[in-house]
Amino acid sequence: MIIIKNSLFISIMQMAKQPFLEKLRRFFEMESGYGTFATPWGSFMYFIKQGHIMAHFIDRIKFRWFPKFAFISNFPSHLDVETSSACQMKCPMCYTTYMDAEKKGIMDFNLYKKIINEAIKYNVYSIKLSWRGEPMLNKNIVKMISYAKQSGICEVAMLSNAERLTPELAKAITDAGLDWISLSVDGNANTYNIIRAPAIFEETLEKIRVLREYRDKVGKKKPLIRIQSILSAIQNSFDEFISIWDGIADRVNFISDQARDFDVKGMYHDQNYVCPTPWQRMSINHNGVVHQCISDYNGYMIMGDMKKQSLYEIWHGEKFRKLRERFRKHTYLEHCEACLYCTDNVTNEKEEICVNGKKMKVNVYKGITKVKDKIGYLQK
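Residues numbered from 1 in each chain as written. Predicted model: local features only at pLDDT ≥ 70, side-chain atom pairs only at ≥ 80, totals over all residues. Heavy atoms only, no water.

Engineer: Please set out the overall build of the protein residue by residue, giving values where relevant.
Structural biologist: Helix and strand counts for the protein come out as 14 helices and 14 strands. By residue count, 52% of the 380 residues in the protein fall in the buried class. Taking as baseline every contact in the protein between residues at least 6 positions apart, the subset at least 24 positions apart corresponds to 74%. Here the protein displays about 17,500 Å² of accessible surface, and carbon together with sulfur accounts for 54% of that area. (Helix = DSSP H or I, 4+ residues; strand = E, 2+ residues; numbered from the N terminus. Buried < 20%, exposed > 50% of the residue type's maximum accessible area, 1.4 Å probe, protein only. Contact = heavy atoms within 4.5 Å. Areas by Shrake-Rupley, 256 points an atom, 1.4 Å probe, with all protein chains shown as cover.)

Engineer: Break down a nonpolar patch on the surface for me, citing the residues and quoting the values.
Structural biologist: Taken together, the side chains of Met54, Phe57, Ile58 and Ile61 present a nonpolar region at the surface, about 380 Å² in accessible area. Tracing the sequence through the fold places Phe57 in helix α4 (residues 53–65). (Patch = residues over 30% accessible without salt bridge, like charges linked within 9 Å, V, L, I, M, F, W, Y side chains within 5 Å. Salt bridge = Lys/Arg side-chain N within 4 Å of Asp/Glu carboxyl O.)

Engineer: Quick rundown of the nonpolar core? Include the residues and the values.
Structural biologist: Within the largest apolar cluster, 83 residues are counted, with the highest numbers of intra-cluster contacts made by Leu79, Tyr112, Ile127, Leu129, Trp245 and Leu311. If one sorts the elements of this core by residue count, helix α5 (residues 109–121) sits on top with six residues. Contacts of Leu79, omitting those with residues within four sequence positions, involve Ile115, Ala119, Val124, Ser126, Ile127, Lys128, Met282, Ile284 and Leu311. (Core = buried A, V, L, I, M, F, W, Y, C linked by side-chain atoms within 4.5 Å.)

Engineer: Kindly report on the pairing of strand β10 (residues 281–284), identifying the contributing residues and their values.
Structural biologist: Burial of β10 is two-sided: the residues Arg281 and Ser283 facing one way and the residues Met282 and Ile284 facing the other way are all buried. Sheet topology places strand β4 (residues 78–81) next to β10; four bridges connect them, and they run parallel. Counterpart to His78 in the pairing with β10 is Arg281. In this structure, the hairpin formed by β10 and strand β11 (residues 289–291) is closed by a connection of four residues, where Gly288 is found at a positive phi of approximately 95 degrees. (Pairing = 2+ DSSP bridges.)

Engineer: Requested: an account of the side chain of Asp179, with residues and values cited.
Structural biologist: Checked against the element boundaries, Asp179 lands in the loop between α7 (167–176) and β7 (180–184). Overall, the relative accessible area of 4% leaves Asp179 in the buried class. In this structure the side chain of Asp179 is engaged in a polar contact, spanning 2.8 Å, whose partner is the backbone nitrogen of Val156. The contact partners of Asp179, leaving out residues within four places of it in the chain, are Lys149, Cys154, Glu155, Val156, Lys222, Pro223 and Leu224. (Polar contact = N/O pair within 3.5 Å; in protein donor to acceptor, adjacent residues only side chain to side chain.)

Engineer: Residue-level account of unusual backbone geometry, with values.
Structural biologist: Each neighbour pair has its own omega, and for Ala197 with Pro198 the value is 10 degrees, a cis peptide bond. Tracing the backbone shows Pro198 in the loop between α8 (189–195) and α9 (201–217). Here the amide bond leading from Lys222 into Pro223 is cis, since omega sits at 10 degrees, within 30 degrees of zero. Within the secondary structure, Pro223 is located in the loop between α9 and β8 (224–230). Of note in the backbone geometry, His52 takes a positive phi value of approximately 45 degrees without being a glycine.

Engineer: Tell me about the packing of aromatic side chains, and name the residues and values.
Structural biologist: One pair of aromatic rings is described through two measures. These are the centre distance and the angle between the planes. Per the stated rule, a full pass over the model turns up 16 aromatic pairs. Relative to Phe71, the ring of Phe66 lies with its centre 5.8 Å away and its plane at 65 degrees, an arrangement referred to as edge-to-face. Accessibility expressed as a relative area gives 11% for Phe66, which makes it buried. For Phe71, a relative accessible area of 21% puts it in the partly exposed group. A centroid spacing of 4.6 Å and a plane angle of 20 degrees characterise the contact between Phe327 and Tyr332, whose relative ring orientation is stacked. By relative accessible area, Phe327 is classed as buried at 2%. (Phe/Tyr/Trp six-rings, centres within 6.5 Å; stacked < 30°, edge-to-face > 60°.)

Engineer: Could you give an account of the environment of Ser283, naming the residues involved and the relevant values?
Structural biologist: With respect to the helices and strands, Ser283 occurs in strand β10. Sequence spacing of Ser283 and Met303 is 20 residues, and the spatial spacing of their C-alpha atoms is 9.6 Å. Beyond its immediate chain neighbours, meaning those up to four positions away, Ser283 contacts Asp80, Val289, Val290, His291, Cys293 and Ile294. Within the structure, Ser283 has its side chain in polar contact with the backbone nitrogen of Ile294 (distance 3.3 Å).

Engineer: I'd love a proper account of the packing of α7 against α9, names of residues and values included.
Structural biologist: It is the contact of α7 with α9, at a shortest axis distance of 9 Å, that shows an interaxial angle of 45 degrees. Looking at the two axes, α7 sits oblique to α9. Where α7 crosses over α9, the two elements pack in a sense that is right-handed. Touching Pro167, Ala170, Lys171, Ile173, Thr174 and Asp175 of α7 are Val210, Leu211, Tyr214 and Arg215, all from α9. (Axes fitted to C-alpha atoms, helices over the stretch in contact; angles between N-to-C directions. Parallel < 35°, antiparallel > 145°, perpendicular 65-115°, else oblique. Left-handed = near helix turned anticlockwise from the far one by under 90°.)

Keep in mind these values describe shape, not function.
The structure is reproduced here in structure tokens:
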């Protein structure tokens, strides 16, 4: 069941006040700060490899387009489940590095089962077993993957820094049925070693290679392996970065330099931005508390607690209703503190890069300190 809010009319009227071309750009723009080095054909084949083609296609419509029309699904199409908010690394651009110790923890397996059981009840298509921390720190991570897949979740994924990816764990997550894994590898060699200390680039490369080799050896197509780097960390070495992962990764992506809670100076917030998150996904931290979104690292707006409420009740609760209304009326910056520390709503501009001899335009956020500019400081 889809609920079409009467206030959709308000959103249309607000959009009508904007210049036509800007209005058109906003309508078709998805995740402006994310990109891929894959060709259009490569992107199409990656989509095919994800499987569940028709179900996946329908899910993408819900995930990408429902927010454009202010359609509210009966339940979110995707859940971000924080299996761990702790992390063993201290990357300079990550808020988790600076997060208070009391906010760090590991999700209990019984709480996790409760989440999955409700997700299945409402036909959730995908879950991601990570958010602020490193999921491989949770000793039950393999069991969590298995439980979700055996319960019927179509797409189970996670983000990782790969530092804990042993050969044994690589085999286990493959056998458990993980659908895809995004591995954060910021830069080549020395750049990576500085940003991702104490990890070593060659060691991380080998760990991911072992994962790919085992997957292929046992004749599986998954987990699909996605490598992702912050854009400035591979500035002037795009071709080298792409070639290193040839034959290992299924896809090589990049993300524009962002800001978190601790680094917001100079950000150009867009008052007319309409965040898709309140219409598509829910973020559950390691102790069952639902935050406004994955950018609400600090818990500025708590939407509910699944130890006291069902996820369904939280999704249709007053707090989510007000959040959606604030975006439709473009008053979110006045009421949602987490949005002041988010980069997704920051005005972006085009930057030209050269990849394999071809010029390519990418989106970068205005007023954001690039990670590459921090490297000199980190070396001191």
